[in-house]
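# Structure assessment
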Amino acid sequence: MFTRTSVAPRRPVRAPAAGVDRWSSGSQSRPDYNGDGHTDVLARDPNGDVWVYPGTGGTGTGTLGNSYLVGTGFWRDSWTHMYSTDLNNDGRTDIVARTKEGELHLFPGTGGTGADSFSGRYLIGVGWNYYDVIL
Ligand SMILES: [Ca+2]
Ligand SMILES: [Ca+2]
């Protein structure tokens, strides 16, 4: 599980998980946090808890499976923006999050679920509060 206080050293880039296509999985437009090939939805609740709703490949109310908690402590007044992308190019969807002070942090995705969905964050930039749109 990632938290707003967790920090880890930069990890070496790994090969994509078995069956994961580096070019079609883990993109910002198709986040796949658990690496099963189905697009997932990330959501933050008013308590600052972050959840993944895994895509099932189904339709209607069966489009998303049961949510699981992947992070805590992401209050809106502290973490102003969160984005999905594969910034470290390992084939797994990461989260880039910006603090209100303008720090940009990367939470590398592991392709796992629950508390193991992301490894520790690391700082990737400062001064990003200058921008109002980051894609
Ligand atoms: Ca998925
Ligand atoms: Ca990644």
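It should be noted that the structure appears before, not after, this text.
A brief structural summary.

## Concerning the sheet that holds strand S6 (residues 94-99)
In space, the four strands of this open sheet follow the order S5-S6-S7-S8, with antiparallel pairing throughout. One side of each edge strand has no neighbouring strand; the edge strands of this open sheet are strand S5 (79-85) and strand S8 (122-125). Each strand axis lies, on average, 30 degrees off the axis of its neighbour in the sheet, ignoring direction. Looking at chain direction, S5 and S6 are connected through six bridges and run antiparallel. Bridged to Thr85 within S6 is Asp94.

## With respect to the environment of Ser119
Among the structural elements, Ser119 can be located in the loop between strand S7 (104-107) and S8. When the C-alpha atoms of Ser119 and Pro108 are compared, they prove to be 5.6 Å apart, with eleven residues separating the residues in sequence.

## As for the pairing of S7
What you see with S7 is no split at all: Leu104 and Leu106 on one side and His105 and Phe107 on the other are buried throughout. Here S6 folds back onto S7, and the loop between the two strands holds four residues, one of which, Gly102, carries a positive phi near 95 degrees. Pairing geometry for S7 and S8, over three bridges, is antiparallel. For Leu104, the partnering residue across the bridge sits in S8 and is Gly125.

Conventions adopted
- Residues numbered from 1 in each chain as written.
- Chains lettered and ligands numbered in written order.
- Predicted model: local features only at pLDDT ≥ 70, side-chain atom pairs only at ≥ 80, totals over all residues.
- Pairing = 2+ DSSP bridges.
- Helix = DSSP H or I, 4+ residues; strand = E, 2+ residues; numbered from the N terminus.
- Axes fitted to C-alpha atoms, helices over the stretch in contact; angles between N-to-C directions.
- Buried ≥ 20, exposed ≤ 12 C-beta atoms within 10 Å, placed from the backbone.

In short, geometric facts, not functional conclusions.
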